[in-house]
Amino acid sequence: MHYLIKDTEYEKILKFLQKVKGIHTSNLRRVRRFIEAVYYLCRGGCQLRLLPSYYGHWRAVHKRFKDWSNRGIWKAMFEYFKQDPDMEWSIIDSTVVRAHACAAGYEKGSQLKEALGRSKGGFSTKIHVLTDALGNPLKFILTPGQSSDITQAKKLCESVFESTVIADKAYDSDDFIDTIINQKCIPNIPPKSNRKTPRFYDKHLYEERYAIECFIGKIKQFRRIFSRYEKLAQSYLSFLYFVGSLIWIR
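Residues numbered from 1 in each chain as written. Predicted model: local features only at pLDDT ≥ 70, side-chain atom pairs only at ≥ 80, totals over all residues. Heavy atoms only, no water.

**Let's talk about the layout of surface pockets**
Defined as follows: Whether a set of points on the 1 Å grid over the protein atoms alone is a cavity depends on a 1.4 Å probe fitting there but being unable to get out, while an open set qualifies as a pocket with protein on both sides within 12 Å along at least five of seven lines; lining residues are those with an atom within 4 Å of a point. Grid points are joined across faces, edges and corners, and a volume is the space filled by probe spheres set on the points. Think of it this way: any DSSP run of H or I at least four residues long counts as a helix, any run of E at least two long counts as a strand, and we number them from the N terminus.
Approximately 520 Å³ is the volume attributed to the largest pocket. The wall of the largest pocket is formed by 18 residues, among which L48, H62, R224, Y229 and E230 lie closest to the centre. Elements with a contribution of two residues or more to the lining of the largest pocket: α3 (58–70) and α10 (233–249). For the lining of the largest pocket, the element with the highest residue contribution is α3, accounting for five residues.

**Some remarks on the nonpolar core**
Quick note on the threshold: We define a nonpolar core as any set of buried Ala, Val, Leu, Ile, Met, Phe, Trp, Tyr and Cys residues linked to one another through side-chain atoms lying within 4.5 Å. Burial classification: accessible surface area is computed with a 1.4 Å probe over protein chains only, and a residue below 20% of its type maximum counts as buried, one above 50% as exposed, and the rest as partly exposed.
By size, the foremost hydrophobic cluster in this structure holds 75 residues, and its most contacted members are I35, W74 and I225. With 12 residues, the single largest contributor to this core is α10.

**Some points on the packing of helix α4 (residues 73–81) against α10**
To keep things clear, this is the line we draw: Convention adopted: a line fitted to C-alpha atoms gives each axis, helices being fitted over their contacting stretch, and angles between N-to-C directions are expressed from 0 to 180 degrees. Note that the term roughly parallel is reserved for angles under 35 degrees, roughly antiparallel for angles over 145, roughly perpendicular for angles of 65 to 115, and oblique for everything else. By convention the crossing between two helices is left-handed if the near helix lies anticlockwise of the far one by an angle smaller than a right angle, and right-handed if it lies clockwise. Residues are treated as being in contact if the distance between any of their heavy atoms lies within 4.5 Å. Only Asp, Glu, Lys and Arg are considered charged, only Ala, Val, Leu, Ile, Met, Phe, Trp, Tyr, Cys and Pro nonpolar, and every remaining residue, Gly among them, polar.
At their nearest, the axes of α4 and α10 sit 8 Å apart, and the two run at 25° to each other. When the axes of α4 and α10 are compared, the pair comes out roughly parallel. As α4 runs across α10, the sense of the crossing is left-handed. When α4 is examined against α10, the residues W74, K75, M77, F78 and F81 are found in contact with a partner set consisting of S238, Y241, F242, G244, S245, W248 and I249. Residue classes in the contact of α4 with α10 are distributed as eight nonpolar, three polar and one charged.

**What to know about the state of the cysteines**
Which entries qualify depends on this criterion: Our working definition of a disulfide is a cysteine sulfur pair at a distance within 2.5 Å.
Applying the stated criterion across every chain yields a total of zero disulfides. C46 supplies the cysteine sulfur nearest to C42, a cysteine that is in no disulfide, at a spacing of 11 Å.

**What about the pattern of salt bridges?**
Put simply, the rule reads: Should a side-chain nitrogen of Lys or Arg be within 4 Å of a carboxyl oxygen of Asp or Glu, the pair is scored as a salt bridge.
Counted under the stated rule, the structure contains 15 salt bridges. Close ionic contact of E79 with K82 constitutes a salt bridge, the shortest N to O distance being 3.2 Å. By relative accessible area, which is 33% here, E79 ends up partly exposed. For K154, the salt bridge goes to D175, with nearest N and O atoms at 2.6 Å.

**A word on the environment of S148**
Locating S148 in the fold gives a position in the loop between β4 (137–144) and α5 (153–156). The class for S148 is partly exposed, based on a relative accessible area of 37%.

That's the geometry; what it means functionally is another story.
In structure tokens form, the structure reads like this:
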């Protein structure tokens, strides 16, 4: 079988998995095949039923992926790899992804819980992201596509201290700025045009925001991130954690 994940990258993933209780890693070939199957699904975005047979039965792959998702293993993998971030400055932003028709069918009344909404762009989900100065991901939050960026700003930055926070003018809110100042952070956010007294910001430092734009471009190379196919927010977030882990170990 042709492997899609580089050996050096997979060895780091295996090292993490061997530390997780309840995961049997004695059969190395089977473990690698499962991780490769998840990568194949994430990169190509194919339907589970169309998963090539050499990755195993699609039901078994789906069951294992969902089990790891419920146990928080994908999130733990992401937390394990995001070590030693460069917090000279931190960057926040968001991006909207279209939800495929396959994502429909959630329980009645659970639209907000599953981070699915309808806006001018159609059926969509918004990914709110926090990265370090190098554009490496630190946190993901999902909301319905029509949600405003500022609604998740405090939550994104709740663990950020003594850093310069870079964001676009969508995050220009007195309440949010006061919050990050209280966290000993320096806001570098352009003022909105309707401000009576425009606030100063460093235009040269603001150009560093390109790092988060590059990161968003990287994750959207994965078809299953670019277009949401999952009904459950937890499953979609698990794919995000997996892709975030791959970016950290490259």
